[in-house]
Each structure stands twice: as C-alpha cells, then as structure tokens.
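Okay, here's what each chain looks like letter by letter:
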Amino acid sequence: MNQKHQENIFLLLDQDGPFATSGSPLPESPFSKEAKKMAKLLGRGEEATKHRIIRNQIFEFLDVNSFAEIKKLLTDRKRREEIDRRAYALLGNMFGIDGNEREIVSRVNNYSRTADGVIRYLRNKVLNNYSSHIEMTNEIDALSSPAELLLIVFDDNYHIKARFEAKRKLILMNLAGSIDQRERETNIENKFTNFLSFLNDHVWSKRTKIGELEVVYLLSSHEKENFTCTKFAIISRDKAEKIKLKPGQKLTLIKRRRFSANGREIPIYVSIRKKPPEAKVLKLLRKGETNPAVAVDDELGLMGVLESPLDIKVFQRHLTSSAIKADSFMALEDISDSLTGGKRVTKNTGSSSKTSMFKFFARLGGMRVEFIVHTYESYLNYIYQRDVSHDEYEVKRIFDTGVAELLFPQSIYFLDMKKLRDLQLRWFRRQIEEF
C-alpha cells in the first residue's frame, strides 16, 4: 500500500491494518474478548487516536452512542428511515449543497454513481480480464443511501465481501463529494465553456465551421524490439480502406482542425477534455490524497498533435497571441519539452522517462489549462511504443501506486495483484501489436 494511504481515510480499506473488514462485524461490548484484542492491536499511539475519532464520527452520523445501539438500529425500520433523511441533510451541509431535500438527495446519490463508475472503469479497462472476479455485490451496487451503506458494514447478515464493498463505496462517495464541492467552488463548468469559446473564437481557423473536422489516417511502421515508430505517411480515408496491414504496421485515425498562422492553414488533431469525476477520484487514490485542491491540477486540458516540431512552435506562439486578442495575457507554467532530445523527468508512478511530449500549463482568463502537444511521430509512440504506450501506463499506475490492492484486497477477491500486473501488461501489449 502507498505510504500516503496509511495517513488518511484510505487506511480504512487496508485489509492488513486495524480497520480491516473481518468475518464478523465489530463486537458490541467494549469488554468482550474481541474488543480487548482490537485494543491491544491499536495500542495507545496515533492509530488508537484515529480509531477513536472514526468510531465517534460513526456514532454521530448514525445518532447512536455505542455499537450495541447500532445492532438495535438494524432491526428498527422506522428509526432507520429517520436516520437516512438526517444523514442526507448532514452531508448536504458538509459539502455545501444548496437546494431542497430532494435536490440534496439527488446530488449525494450522484456521488454513489461516481463511486460505482470508478469500479466499473477498472473492471472494463485495467482489470478487464478479471471483471467477474471483482464484480460488485448486487445489493451494494443498487444502494445509494450513505446511512444504509454504513449500517451494512456492521450487519452480520452480509458477507465480508459485501461489507467491505459498502465501506469502499462510502469512501469513494466521500471523495466524489469533495470533488463536486471543489468544482462548484472553482466554477469549473463555466470555465470549461469559456475555454471552448476561447478556442472557437480566437484559436481555430474561421475558414471552417465549428466542429468541422478533416479525417485522415497515419499509416505507420514500427520496429520489432520496442515497437517504436520508424516511419509514417498521412493517407486519405479512401486509401486507408484499401490498405492491408503487414506485421509491424498500424493505421491510426486522426480528425484534424486547422488554425491560421503566418498565412498558412496548419492542421492539428485536438482532444479537449474536462476530467470526469471518476478520473479525479482515481487520481486522488493514486496520490493518496483526499483534497482535490492538492492532487488534481489538470481539470481542464488539451492534447494537440501536429506534423512537425516547427508547427508546434508556431501553435504555441499562436496560442499566446490569441489570448491577447481575447484581452488576456497567457502565462506558460511548468514547461517540459522532451521532443527536442533528452529524457523526460517523470513525477508520476508508472510514467516512462522515454515518453516524448511538449507539456505546459497555460494560465489565461481566470483558467489554468494543461496542454500536451505531440508530433505525429511522438503521438504514435505514445499510443504504441513498448513501455511508453498510454494503455501500459494506465495499468502500471493503478497497480504500482497500490490502488488495485487497496480497492480489491487479496484476502477478499483472491487475486494476486503483482501477478495480475504483469499478465495485464502482456495482454495489452498483445492487443497493441497484433490487432
């Protein structure tokens, strides 16, 4: 487990730690044999303090004074309904949600959908070959109520896997709530709209309609050892449909916009994104952080792909001059350029120093936008090169940061994540090189 995971609420998911989900819920009596064993395990240090704080928060959230009262609550339907409504109101106030009761419930339930979306993304992508192993228990998948999920953690009628998943879902919902609060505070929705307007009004060519794209293909050849691009050609859609690929060849679709600079219409493939909540939750998990303001600095982003390094320089200058036309200075921050030689300095677990790109953050119009710019050659390597490809990076950063083991502990899902990491990397390599 990532050391950072030991310092905050992620410790609750550690199946080797004092907060592990056990075969039976916590004992109801503070003087029982199990309770004494827990007290001995916690000791008198920081972990004992964390346990006391979390226990008190659980009691306050469920409006009880002991674990014995939680057990009584499990069979009191009317009282549970009251606590359910109270819990939504408490969370609404904590996350600063404006609106009536129905609107608060709707927004909190959306945090549940984000939490489920994190697990579904991992099932469908990074751990797709083991989807059935990590599928959520139906009853947990169907639940959105935070109070009901918390009660399941202490309900002996539920299997250990279901109780762990209820706890996991609550933690992911808490992260989703923090992200939503941060987005409302930073007005990210309006900023994304303003960013798109800036691009359409000042950056892209006026000779084409908004959303008009030119479809072309890159026919590339790759050497055998590392599958590095050795040459490529830009071909039309009609020609691409007649191509029969040879071993070591790839055909990559790109849809190009254009911008005007120095009397030229320069084509550029662009992917613009606002990072979705599920991706932000995963980033918090990878960083071992619970505060989105600290861990998520790339909410708005643009990836551009141009034919040559010269075109990249022209595009960068075009951006800064376009910002001036929009009555804003554009400051470039955290610039890194590994396209012009030298290895990239990697800060993120799983990232390869062999990845070539021009990366910077642009501050303009009250926004801070991440730009990643490639040449056609570096973009092809970003997709296909061994140890560099984004698919491999996705696998490595989920496993190497400890997120896979944190969310799917071996004691519950019976999967050895060290072995799975290598198996998944080999599977993705095969998909890249053979299909």
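About the thresholds
Residues numbered from 1 in each chain as written. Predicted model: local features only at pLDDT ≥ 70, side-chain atom pairs only at ≥ 80, totals over all residues. Heavy atoms only, no water. Helix = DSSP H or I, 4+ residues; strand = E, 2+ residues; numbered from the N terminus. Expected span 1.5 Å × (residues − 1). Polar contact = N/O pair within 3.5 Å; in protein donor to acceptor, adjacent residues only side chain to side chain. Pairing = 2+ DSSP bridges. Axes fitted to C-alpha atoms, helices over the stretch in contact; angles between N-to-C directions. Contact = heavy atoms within 4.5 Å. Core = buried A, V, L, I, M, F, W, Y, C linked by side-chain atoms within 4.5 Å. Buried < 20%, exposed > 50% of the residue type's maximum accessible area, 1.4 Å probe, protein only. Salt bridge = Lys/Arg side-chain N within 4 Å of Asp/Glu carboxyl O. Phe/Tyr/Trp six-rings, centres within 6.5 Å; stacked < 30°, edge-to-face > 60°. Parallel < 35°, antiparallel > 145°, perpendicular 65-115°, else oblique. Nonpolar A, V, L, I, M, F, W, Y, C, P; charged D, E, K, R; others polar.

A. Seen up close, helix α5 (residues 101-124). Helix length check: α5, at 24 residues, gives a terminal C-alpha distance of 34 Å against a target of 34 Å (1.5 Å per residue), a fit within 8%. One side-chain oxygen at the N-terminal end of α5 lies 3.1 Å from the backbone nitrogen of arginine 102; it belongs to asparagine 100.

B. Inspection of the sheet that holds strand β2 (residues 229-236) at higher detail. A sheet is described by the order of its strands in space; here 8 strands give the open sequence β2-β1-β3-β4-β5-β8-β7-β6, paired in mixed fashion. Each edge of the sheet is formed by a strand with only one pairing partner; in this case those strands are β2 and β6 (331-337). If you compare each strand with its neighbour and ignore which way they point, the axes differ by 35° on average. Along the sheet, helix α9 (residues 188-203) makes contact with β3 (249-261), β4 (264-274), β5 (300-306), β7 (358-364) and β8 (367-375), crossing β4 at roughly 175°.

C. Summary view of the nonpolar core. By size, the foremost hydrophobic cluster in this structure holds 71 residues, and its most contacted members are Leu62, Ile70, Leu172, Leu285, Leu407 and Phe408. For this core, the leading source of residues is helix α8 (residues 160-186), giving 10 residues. In this view, leucine 62 contacts Ile70, Leu73, Ile83, Arg86, Ala147, Leu150 and Leu151; residues no more than four positions away in its chain are not counted. Trp204, Val270, Leu302 and Ile312 belong to the second largest nonpolar core, which has 29 residues in total.

D. Broad picture of the pattern of salt bridges. Within the structure shown, the criterion is met by 30 salt bridges. The closest approach of N and O atoms between glutamate 433 and arginine 386, which form a salt bridge, is 2.5 Å. Residue glutamate 433 is located in helix α18 (residues 417-434), and its partner arginine 386 is located in the loop between α14 (376-384) and α15 (390-400); the two are separated by 47 residues in the primary sequence. The partly exposed category is assigned to glutamate 433, whose relative accessible area is 24%. Classification of arginine 386 as partly exposed rests on a relative accessible area of 31%.

E. Spatial organisation of the environment of isoleucine 97. In this structure, isoleucine 97 sits in the loop between α4 (77-94) and α5. The exposure class of isoleucine 97 is buried, given its relative accessible area of 7%. A C-alpha to C-alpha distance of 40 Å links isoleucine 97 and histidine 374, two positions 277 residues apart in sequence. Sequence-distant contacts of isoleucine 97, that is, excluding residues within four places in its chain, are made with Gly92, Ile104, Arg107, Val108, Tyr111 and Arg184.

F. How the structure looks around the side chain of serine 220. You can see serine 220 is positioned in strand β1 (residues 214-222). By relative accessible area, serine 220 is classed as buried at 0%. Looking at serine 220, its side chain comes within polar contact range of the side chain of histidine 222, at 2.8 Å. Not counting the four nearest positions on each side in its chain, serine 220 is found in contact with Cys229, Lys231, Phe232, Gly248, Gln249, Lys250 and Leu380.

G. Highlighting the environment of leucine 251. Examined against the element boundaries, leucine 251 turns out to sit in strand β3. Residues leucine 251 and tyrosine 217 lie 34 residues apart in sequence; the distance between their C-alpha atoms is 6.4 Å. Setting aside residues no more than four positions away along its own chain, leucine 251 makes contact with Tyr217, Leu218, Leu219, Ile235, Ala240, Leu245 and Tyr384.

H. Representation of the packing of aromatic side chains in the model. This model, assessed by the stated rule, comprises 14 aromatic pairs. On the numbers, 5.1 Å between centres and 45° between planes, the contact of phenylalanine 358 with phenylalanine 360 is tilted. Like phenylalanine 358, the residue phenylalanine 360 is buried in the burial classification. With 6.4 Å between their ring centres and 25° between their planes, tyrosine 379 and tyrosine 382 make a pair best called stacked. Here the residue tyrosine 379 and the residue tyrosine 382 both occupy positions in helix α14, the gap between them amounting to 3 residues, near one helical turn. When sorted by exposure, tyrosine 379 lands in the same class as tyrosine 382, which is buried.

I. Region of the structure containing the packing of α9 against helix α13 (residues 309-325). Between α9 and α13, the shortest axis-to-axis distance is 10 Å and the interhelical angle comes to 100°. Judged by the angle between their axes, α9 and α13 are roughly perpendicular. Contacts from Phe198, His202 and Val203 of α9 reach α13 at Phe315, His318, Leu319, Ser322, Ala323 and Lys325. Its residues placed into classes, the contact of α9 with α13 shows 5 nonpolar, 3 polar and 1 charged.

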